[in-house]
Amino acid sequence: MDVFEALSAMTTAPGVTGNEARVSEVVRGYFRAYTDDISVDAVGNTYARIGETGPTLLVMAHMDEVGMMVTCIEDNGMLRVRSVAGVDPRVLPGSEVTVHGKREIRAVIGAKPPHLQDSGDEKKAYTADDLVCDTGLSADEVNALVGVGDNVTFRLEPPMKLKNSIVAGKTFDDRACVAVMLEAMDILKSRRLNCRVVFCGSVQEESGGLGASAGGYNVKPDLAVAIDVCHAPTPGTKPFDTVEMDRVSVTTGANIHPKVFDMIKASAEEQNIPWETDVAIGATGTDAWSLQPLLGGIPCGLISLPLRYMHTSVEVISLDTLRNCAKVIAGVAANLGADWEEKLCLDD
Amino acid sequence: MLGRLEQLTNIYGVSGDEGRVRKYLKGALDDMGLAHKTDAMGNLIVHKAGKGRRVMVCAHMDEVGMIVRGVLENGLLAYEAAGLDPRVVISKRVAVGRDDVPGVIGAKAIHLQNREEFKRALAHDELYVDIGAKDRADALKYVKPGDRICFTTKFERLGEDIVKAKALDDRVGCAILLELLKNDYECDLWAVFTVQEELGLRGAKAAVWTAAPDVALVLEGTTANDMPKAKEHEYVTRMGHGPAVTFMDGGTVARPRMFKALQQTAKEAGIPYQFRQGSRGGTDGGAINKALDGCVVGGISVGCRYIHSPASLASVSDIQNAYLLAHAFLQTKKFDEVL
C-alpha cells in the first residue's frame, strides 16, 4: 500500500466533527482492498472486519477533524467563522481554507497588514472575533452558495514530503492513524488469524467521543485498542508531555487495561520497534476513554503516533513511525488467540 | 498580463534574493526584443531611448519573507523576518533556499498551552521552520544560514474578478510594467524593476541615479482594508473600485500637479479610479522624490487585501485599469504639465 497516497486521499476529504460522510466514503474505498465485510452504523462509524473465529479485537482511529463553522455572513459577503472542536484562531490569519457550501469554495482568512497596525498590535493574539473569511465572491454569490452552519476546513490540499520520511499536512490527527489501520490490514492479509479484528474509523472523537460510545456498543469487543496521535517535542514543550517522533507511544494509566498494555509492549519488543511509555493518570483524551466503561467495561489499550504542531494545517509526522505503529497493532492481533481470557486476567 | 502575473507571483523572490524574478523578467524582455541591464544591486533596467522627457516607471521585484539565521541542535531553523507580522506565519508551508527545501512553521499545540500563553501572540524569535531534519548536522545538508524562506502559496482565480496569490505586492506592478513595455511612447523611457523595496526602498535609491528622471511613475500593490468593521476613512483602498492614485504615503507627498494630472488622465480616458486614502506604508516613490534635485513622482496602486501575508487578493479589473491608466498617462504626455 502506498501510505502517502492514502494519506493524501484521506486528508483531502472533508470531515469536520459531525460531518464525516465524505471521509468515510474514502476510507471505505481503502477498506475494500482487504475485506468485503464493510459497514457504516447509524452515527457514521465505518467498519471493516477480518478474521473468523476467536475473540473480537476492536481497533479504532477517528475520522473526524477539527474545523470551523460559518456563524454569520457580513453585508459585503465576508464570512465570520468559529472553531468546531479545537482550531486555535491564532493559526488562521493568512491561511487558505475551504468553505463547504453548496460547492467547495476556496477562501483566505484575512490578516491586517503591518502598515495599518498600531505599534504593539502584533503582540496581541488574534481571536475569532478579529477574523474574516474572504471568498473573493460578491455578497450575492456568497448568499446563494453559503449558509450559516456550513463547515470550513483548512484548505483541502495533499500533504508535503519533508526530509527523512517526515511529512507535513492537515488532519494527520487522526487520519494518519486511519492509515495505520490500513497498513495493519495490509500486514495481516497474509497472516492466519485466531481472532476477529474489527477496524473502525470513528466519528466525533474531537467533540467528546459519540462515535466511540456507539462503536463499542455495536461491536461488543472483547478488547479494544485505540490509535491516536500524541505530541512530539517542539520548542516550549515540557519533558513527559511529549514522545520523540521516531517512537511508538504506548499509554499506561487508569484508562488502560494493564494486560492490554503488556500485549502492545510485547508486540513492539518482539519486532524490535522503538517504543516509549506515555503516562496518563486519568483521561487520555482519546476514543479509549469513551470505550473503556461501555457494556460493563472493555479492556482498552492506546497506541499513539507522535505528531508536531497538533491542530494546525502543518501537522508533522514520521511515515516510518506510522508503519511501526501498524506493525505493533498487527502483532497484537496476530498474537491473540484462544488463550485471550487468561492473558487478560488482572493481577491482584 | 494575467498569465504573466500568475507566473510572477508563483516565483520565490524574497528581498535581497530577487534573482529568480529577474531571470523570469529577463527572459520575457528577451522575447520582446528589448535590451536590458542589471545594476550592482540587482535592479533590472530597460532603457527605451526616445526624444523628450526622461520618464522612469518602476515596480519592485522583491516580496516579504524570511532568512535562515541558524540551525538549532534539534534541526529546526531559526529565522529573521522583514515586513511580516509573526501572527501570519504560523501553520504555513514554506520553501527554503534555492533548492526549495520544503518546510513548515508550526507552533506548540493548543493542548499544551496554559491560559496565559493562549492570550499571547508568538514572536518571530519563538517560531521555527521545520524541514524534517533529524538534527543540526542533518539540516545543514539541505540548508544554510542566509537561505531565504518564502511562502509557497499558488496563484488561483477565486471569483470572476478576484485572484489569490502571494507577493501581489508588487508582482502586479511588475506584470503591468512588462505590459507597458510592449508599447512605444514619445519619451525617454526608463523602466526599472527594483530590488529590496521592502527593506527600505534600497533598489530604487540606487536606480534613480541611473534613470535620472524628470518624471517618475511607481506601480504598486497597496493595502485594501475594505473590511466589515472598518470605517470608510480606514479603507485606504477598496478592491474593485479601480486603481488608486496616491496623494501621500509614508515617504512621499505627491506634487499637486502630478496628482491632478493622473486624475485628469483617468477622467479623459474614462478609467475608474480611487484615491489611496492612507498616509502610511512607503513605496519606491519615497526614494525617487528625494533623489537628484527632487523628482516628480506619481503613484498608481492596485488595492490588494491582506498584503504582507501568505495569501493576498486583488481584483483583475483593478489590475487592468491600473495598466490602462499608466498607459494613458504615458501616451498623453502630460510630462511638462506636471513639472
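Novice: Tell me about helix α7 (residues 256-269) of chain B, and name the residues and values.
Specialist: Residue and element names in this part refer to chain B. Compared with an ideal rise of 1.5 Å per residue, which puts 14 residues at 20 Å, α7 spans 20 Å between its outermost C-alpha atoms and is within 8% of the ideal. Residues Met 258, Phe 259, Ala 261, Leu 262, Gln 263, Thr 265 and Ala 266 constitute the buried set of α7. Against the buried residues of α7 lie β13 (215-223), β14 (244-246), β15 (274-276), β16 (296-304), α9 (316-332) and α10 (335-338). With its phi angle positive at about 70 degrees, Gly 270 sits one or two positions after the end of α7.

Novice: Let's hear about empty space enclosed by the protein: which residues, and what values?
Specialist: Where empty space is left in the structure can be found by rolling a water-sized probe over the atoms. Enumeration over the complete set of coordinates arrives at six cavities of 30 Å³ or more. In this structure, the largest cavity occupies an estimated 100 Å³ of space. Residues belonging to the lining of the largest cavity are distributed by class as follows: five nonpolar, three polar and four charged.

Novice: Account for the domain arrangement of chain B, with residues named and values stated.
Specialist: The extent of an interface is frequently quoted as the accessible surface area lost upon association of the parts. All names here are of chain B. Assigned domains within chain B: domain 1 (2-63 + 166-338) and domain 2 (66-151). Of note, the centres of domain 1 and domain 2, computed from C-alpha atoms alone, are 32 Å apart. Across the contact, 14 residues belong to domain 1 and 14 residues belong to domain 2. Taken together, the two surfaces of domain 1 and domain 2 that pack against each other cover about 1,200 Å², and 61% of this comes from carbon and sulfur. At the boundary of domain 1 and domain 2, one finds two salt bridges. Put simply, Asp 100 and Arg 20 hold a salt bridge, and the shortest N to O gap is 3.0 Å. At the junction of domain 1 with domain 2, the criterion picks out four residue pairs in polar contact (both at pLDDT 80 or more).

Novice: How would you summarise the packing of aromatic side chains if you had to cite specific residues and measurements?
Specialist: All names here are of chain B. Within the structure shown, the criterion is met by four aromatic pairs over all chains. On the basis of an interplanar angle of 75 degrees and a centroid distance of 5.9 Å, the ring pair of Tyr 273 and Phe 275 is categorised as edge-to-face. On the basis of relative accessibility, which here comes to 32%, the residue Phe 275 falls in the partly exposed class. Taking 5.8 Å as the distance between ring centres and 80 degrees as the angle between the ring planes, the aromatic pair formed by Phe 329 and Phe 335 counts as edge-to-face.

Novice: Tell me about the side chain of Glu 206 of chain A, residues and numbers included.
Specialist: All names here are of chain A. Mapping Glu 206 onto the fold places it in the loop between β12 (196-202) and α5 (210-219). Lacking a salt bridge, the buried Glu 206 has Arg 175 as its closest oppositely charged neighbour, with an N-O distance of 8.9 Å. Ignoring any residue separated from it by four or fewer positions in sequence, one finds Glu 206 in contact with Thr 17, His 62, Asp 64, Glu 65, Val 66, Ala 85, Asp 173 and His 311.

Novice: Could you give an account of the domain arrangement of chain A, with specific residues and numbers?
Specialist: Residue and element names in this part refer to chain A. Along its sequence, chain A is carved into domain 1 (3-65 + 170-344) and domain 2 (67-154). Counting residues at the interface gives twelve residues for domain 1, matched by eleven residues for domain 2. For the pair domain 1 and domain 2, the summed buried area comes to about 920 Å², and 61% of that belongs to carbon and sulfur atoms. Here domain 1 and domain 2 share one salt bridge between them. Taking the shortest distance from any N to any O, the salt bridge between Arg 22 and Glu 104 comes out at 3.0 Å. The tally of links between domain 1 and domain 2 comes to three residue pairs in polar contact (both at pLDDT 80 or more). Considered class by class, the residues forming the side of domain 1 that touches domain 2 number two nonpolar, six polar and four charged.

Novice: Break down the layout of surface pockets for me, with residues and values.
Specialist: Of the pockets and cavities examined, the largest pocket occupies roughly 710 Å³. Taken together, 30 residues make up the lining of the largest pocket; nearest its centre are Lys 112, Leu 116 and Asp 130 of chain A together with Asn 225 and Met 227 of chain B. A per-class count over the lining of the largest pocket returns twelve nonpolar, six polar and twelve charged.

Novice: Run through the pairing of strand β4 (residues 65-71) of chain B, naming residues and quoting values.
Specialist: Every regular strand shows the same layout, with side chains that alternate between the two sheet faces. Residue and element names in this part refer to chain B. Burial runs high along β4: five of the seven residues are buried. Two elements, β4 and strand β5 (residues 77-82), share six bridges in a ladder whose sense is antiparallel. Looking across to β5, one finds that Gly 70 is bridged to Ala 78. Hairpin connection of β4 to β5: five residues between the antiparallel strands, including Gly 75 at a positive phi of 95 degrees. As judged from the two bridges shared by β4 and strand β9 (residues 148-151), these two strands associate in the antiparallel manner. In the strand pairing of β9, Met 66 is matched with Ile 149.

Novice: Quick one: what's the story with helix α4 (residues 172-188) of chain A, residue by residue and with numbers?
Specialist: Helix length check: α4 of chain A, at 17 residues, gives a terminal C-alpha distance of 23 Å against a target of 24 Å (1.5 Å per residue), a fit within 8%. In terms of burial, α4 of chain A is largely enclosed, as 15 of its 17 residues are buried.

Novice: Could you give an account of the interface of chain B and chain A, naming the residues involved and the relevant values?
Specialist: Taken together, the contact pairs 61 residues of chain B with 62 residues of chain A. Of the roughly 5,100 Å² buried where chain B meets chain A, counting both sides, 57% is carbon and sulfur surface. At the surface where chain B touches chain A, the tally comes to 25 residue pairs in polar contact (both at pLDDT 80 or more). Listing elements by their share of the side of chain B that touches chain A, those giving two or more residues are β6 (92-96), β7 (101-105), α3 (115-118), β10 (156-157) and β11 (162-165) of chain B. When residues in the side of chain B that touches chain A are grouped by element, the largest group, five residues, is from β7 of chain B. Taken together, the residues of the side of chain B that touches chain A break down into 29 nonpolar, 14 polar and 18 charged.

Reading the values: the criteria
Residues numbered from 1 in each chain as written. Chains lettered and ligands numbered in written order. Predicted model: local features only at pLDDT ≥ 70, side-chain atom pairs only at ≥ 80, totals over all residues. Heavy atoms only, no water. Helix = DSSP H or I, 4+ residues; strand = E, 2+ residues; numbered from the N terminus. Expected span 1.5 Å × (residues − 1). Buried < 20%, exposed > 50% of the residue type's maximum accessible area, 1.4 Å probe, protein only. Contact = heavy atoms within 4.5 Å. 1 Å grid on protein atoms, 1.4 Å probe; cavity = no way out; pocket = protein on both sides within 12 Å on 5 of 7 lines; lining within 4 Å. Points joined across faces, edges and corners; volume = space filled by probe spheres on them. Nonpolar A, V, L, I, M, F, W, Y, C, P; charged D, E, K, R; others polar. Domains from an automatic or database assignment. Buried area = accessible area lost by both parts, 1.4 Å probe. Salt bridge = Lys/Arg side-chain N within 4 Å of Asp/Glu carboxyl O. Polar contact = N/O pair within 3.5 Å; in protein donor to acceptor, adjacent residues only side chain to side chain. Phe/Tyr/Trp six-rings, centres within 6.5 Å; stacked < 30°, edge-to-face > 60°. Lys, Arg positive; Asp, Glu negative; His and termini not counted. Pairing = 2+ DSSP bridges.

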